[in-house]
Amino acid sequence: MIRVILFSFVGLFAFGCVEKAVEKPVWLNTKSTLKVNQDTLVFEAEAQDWKASLSTAVQLIYPEIVKTDGKILVIIRPVKGIIEGNAFLTLKSGTSQFVYPISLKNQEEASQLADLRSPKTLTTDSSMVQQQILYSSDPSGNLTLVNQDAYFVEKNIELLPKTGTFKSITGTARSSFYVDAGTVREIPLSYSKDSHNQEITIQAGPLVDRFDNKIANGTLILFHFQKDQQHKKVEAVVQDSFAILSLPLDEAEGKNIIAQIAQIYSQPLTIPQQ
Amino acid sequence: MTRWIFLGFLLIVGFLLITMARIRHTDDVIPYFLRYDSLAMNSNPSLEIKIQSVYTPTEQQLEKLEQDYKAIWAHLNHLYQHPNPTPSKDRFTERFYLKLAENYTNGQPGSIQRNDLSHSISIKTWSRDGLSCNLLDSLAEFSYTFPDGSTQITSSQIAVSLLFQGDNWRLDAIRFIDETTKNPNL
């Protein structure tokens, strides 16, 4: 009798230590495509400590789990939207794991167009044809169709030869491009004397390109002073399409002055001797 | 007296050296050329490239694109299981990375593993300055390994937009157009 009781206790103890197999939760509201922040998955499941993870197309996220009577609710509520596509929901309890394939979509959100231009900087000397690449994506990073059947659109645009900073159709910093003035068309030279201060001011300008755009501020201009065999060179920079050089009168009198920007030279200007 | 002045001077110098050593800023961001991307190095799917763009990349540009595209997928596969995007920061543009960072919560690694087996990409647009590339990965094959040890192979069509920023190509936007299972077992 004692032996029977002993065996019974040993048997009970042994079977009591075996972990009960967890049954796979039954997905009650089966749906092929789920919308994040909207749809909730309802499972009929045993009362267990369930944990959920969701392998979305690019990143693992952890949905919320709400337990009710014999049911668990899985709520997919990422901070931001997700990359849409096939995903796997894993429900885990202890060592048991159950996987459910699903397809995820975000709620409808407006797409943003990316308008990339190449080259980003043009001068009016070069070709004014610019490559435009368009693609659009939603706020979560999912590409969306630009037109009815294409995710990417490429065009060649001929720009007007007008200098400035432009932001294309999207108005974003990434889409900005710049048109700079080309080579100066000619260098008009003039001078004015200040007899009182014994100074002379030499002015080069207006300095514009062949499309009447002001050439860039800071462009280097060289003034060559020549008399007999003597040659002197003075550097200046262009500001608001003019370059102005002031110097003592006796340094310029009787000399020929030629201004130079890159390979363009002005007509010689002779300062008469007083 | 001179000895005490000398010792005092030594003490001041010692104090200054210790203070300078303590306030020395240690930057833990490793320069790009010293970084070793183990994820990218351990991934080598087969990759086929077709050029359908008006402007075409050079051989060197193609080589770089191939290398970086594989690396991007190595990081995407890592994120599939480990949601922390920080180690993959250099593989995404700022706006794409920010979305991943905002969705990140600390937790147990996922139990499903994804590997990319092959890609067949067609370059749809290539910018003249070589800084933008849009492509269609028409035959991306993935292998999924589930907690019970079973595997599933899928074939996907994916549109990808890449931008060359810093020293490498970065993912700016992506679209899984479709994904079909080759050996459905779930």
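Heads up: the structure comes first, above all this text.
Basis of the calculations
Residues numbered from 1 in each chain as written. Chains lettered and ligands numbered in written order. Predicted model: local features only at pLDDT ≥ 70, side-chain atom pairs only at ≥ 80, totals over all residues. Heavy atoms only, no water. Contact = heavy atoms within 4.5 Å. Buried area = accessible area lost by both parts, 1.4 Å probe. Salt bridge = Lys/Arg side-chain N within 4 Å of Asp/Glu carboxyl O. Polar contact = N/O pair within 3.5 Å; in protein donor to acceptor, adjacent residues only side chain to side chain. Helix = DSSP H or I, 4+ residues; strand = E, 2+ residues; numbered from the N terminus. Nonpolar A, V, L, I, M, F, W, Y, C, P; charged D, E, K, R; others polar. Buried < 20%, exposed > 50% of the residue type's maximum accessible area, 1.4 Å probe, protein only. Patch = residues over 30% accessible without salt bridge, like charges linked within 9 Å, V, L, I, M, F, W, Y side chains within 5 Å. Areas by Shrake-Rupley, 256 points an atom, 1.4 Å probe, with all protein chains shown as cover.

A. Quick peek at the interface of chain B and chain A. Taken together, the contact pairs 49 residues of chain B with 43 residues of chain A. Both sides of the chain B and chain A interface together cover about 3800 Å² of buried area, and 56% of this is carbon and sulfur. Counting across the interface, chain B meets chain A through two salt bridges. In this structure, Arg174(A) and Asp172(B) form a salt bridge, with 3.2 Å as the shortest nitrogen-oxygen distance. Summed over the shared surface of chain B and chain A, the number is 25 residue pairs in polar contact (both at pLDDT 80 or more). Mapped by element, the contributors of at least two residues to the side of chain B that touches chain A are α3 (59-81), α4 (94-103), β2 (113-126), β3 (132-145), β4 (151-165) and β5 (168-181) of chain B. Sorting elements by how many residues they give to the side of chain B that touches chain A places β5(B) first, with seven residues. Looking at side-chain class alone, the side of chain B that touches chain A contains 25 nonpolar, 14 polar and 10 charged residues.

B. Spatial organisation of the pattern of salt bridges. Enumeration over the complete set of coordinates arrives at 18 salt bridges over all chains. Here Arg175(B) ties to Glu84(A) by a salt bridge, and the two come within 2.7 Å at their closest N and O atoms. In this pair, Arg175(B) is assigned in strand β5 and Glu84(A) in the loop between β7 (71-75) and β8 (85-93), connecting two distinct chains. As far as burial versus exposure is concerned, Arg175(B) and Glu84(A) are alike and both buried.

C. Here's a closer look at a nonpolar patch on the surface. All names here are of chain B. Residues Trp4, Phe6, Leu7 and Leu10 make up a contiguous nonpolar surface patch of roughly 460 Å² in combined accessible area. Mapped onto the fold, Trp4 is located in helix α1 (residues 2-23). For Trp4, a relative accessible area of 60% corresponds to the exposed category.

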